[in-house]
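Architecture and fold: a report
Residues per chain, in single letters:
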Amino acid sequence: MISRLEAGYSSENTDRVDLSEAVRDVVELYEPVAEEAGVSLKTDVRETVFVNGNRELIGQALSNIVDNAIKYSTDAAQPAVRVALERAGTDVRLSVIDNGHGIPDDADRARATERFVRLEKSRSQPGSGLGLSLAKAVMTFHNGRLDLSPGNPGLSVVMSFPARENH
């Protein structure tokens, strides 16, 4: 699926997607996981925002990112993950920010979205190294971007979509 999405060849349908609802659904799904891990999971969604896309793919990408954020924030004194949705000019930005150890090295952040890459600090966690590469492929399919940056502390992962009118 990653190869098909990256190449732009996919049978996935696109339609008007309510990102606000997708955020609520994913956060609701992960609340028990976060609670069990001792992680505070919060949302910051102030308005209903629509994009053109595939809800299932967006939900899967966001789930992968939230799952990673929960896993890698547990080493913080007060582990926290925030999922925010906002308009930024002609883009819609869906951000997942945690306060864990993050990925301080620029080269490691660039490699983190490659297939099967597991950075040294993540080797003790379960996973295949495909979560962020799938998220990046999903964003490519949606003519968007996936950006990883230092959260100071933690990591900020931003899914940027081209904005769609709310009509």
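Residues numbered from 1 in each chain as written. Predicted model: local features only at pLDDT ≥ 70, side-chain atom pairs only at ≥ 80, totals over all residues. Heavy atoms only, no water.

Digging into the side chain of Ser160
Relative to the elements of secondary structure, Ser160 occurs in strand E7 (residues 155–162). Leave out the neighbours within four places in its chain, and Ser160 touches Asp91, Val92, Arg93, Met139, Gly144, Arg145 and Asp147. (Helix = DSSP H or I, 4+ residues; strand = E, 2+ residues; numbered from the N terminus. Contact = heavy atoms within 4.5 Å.)

Let's talk about helix H3 (residues 55–73)
In this model, H3 (19 residues) spans 26 Å end to end at C-alpha, consistent with the 27 Å of a helix rising 1.5 Å per residue. Of all 19 residues that make up H3, 14 are buried, and the element is covered over most of its length. Measuring from the backbone nitrogen of Glu56 back to the side-chain oxygen at the start of H3 gives 3.1 Å, which picks out Asn54 as the cap. (Expected span 1.5 Å × (residues − 1). Buried < 20%, exposed > 50% of the residue type's maximum accessible area, 1.4 Å probe, protein only. Polar contact = N/O pair within 3.5 Å; in protein donor to acceptor, adjacent residues only side chain to side chain.)

Some remarks on the pattern of salt bridges
Tallied over the entire structure, the rule returns nine salt bridges. Ionic pairing is found between Glu86 and Arg93, a salt bridge with its closest N-O pair at 3.3 Å. The shortest N-O distance in the salt bridge between Asp147 and Arg145 comes to 3.3 Å. (Salt bridge = Lys/Arg side-chain N within 4 Å of Asp/Glu carboxyl O.)

Remarks on the nonpolar core
If you look at the biggest cluster of nonpolar residues, it comprises 39 residues, and the most contacted ones within it are Leu41, Leu62, Val66, Val83, Leu94, Met159 and Phe161. When residues of this core are traced back to their parent elements, those giving at least two are helix H2 (19–37), H3, strand E4 (80–88), strand E5 (91–98), helix H5 (131–141), strand E6 (145–150) and E7. The dominant element in this core, judged by the number of residues it contributes, is H3, at eight residues. If near-sequence neighbours (up to four positions away) are discounted, Met159 is found in contact with Ile58, Ala61, Leu62, Ile65, Val92, Arg93, Leu94, Met139, Arg145 and Leu146. (Core = buried A, V, L, I, M, F, W, Y, C linked by side-chain atoms within 4.5 Å.)

Some words on H2
Between the first and last C-alpha of H2 there are 26 Å, a value that for 19 residues agrees with the 27 Å anticipated at 1.5 Å per step. A maximum bend of about 40° is found in H2 at Tyr30, where proline Pro32 lies one to four positions downstream. Measuring from the backbone nitrogen of Ser20 back to the side-chain oxygen at the start of H2 gives 3.0 Å, which picks out Asp18 as the cap. In the stretch just after H2, Gly38 is the one whose phi turns positive, near 75°. (Bend = angle between axes of the 7 residues up to and from the residue.)

Let's talk about the side chain of Asn54
Structurally, Asn54 is set in the loop between strand E3 (50–53) and H3. On the basis of relative accessibility, which here comes to 8%, the residue Asn54 falls in the buried class. Of note is the side chain of Asn54, whose polar atom sits 3.1 Å from the backbone nitrogen of Glu56.

A look at unusual backbone geometry
Here the bond from Asn152 into Pro153 is cis, since omega is 5°, no more than 30 degrees from zero. Tracing the chain through its elements places Pro153 in the loop between E6 and E7. A positive phi angle, near 55°, is found at Asn143, a position not held by glycine. Relative to the elements of secondary structure, Asn143 occurs in the loop between H5 and E6. Positive phi, normally seen in glycine, also occurs at Asn152, with a value near 50°. You can see Asn152 is positioned in the loop between E6 and E7.

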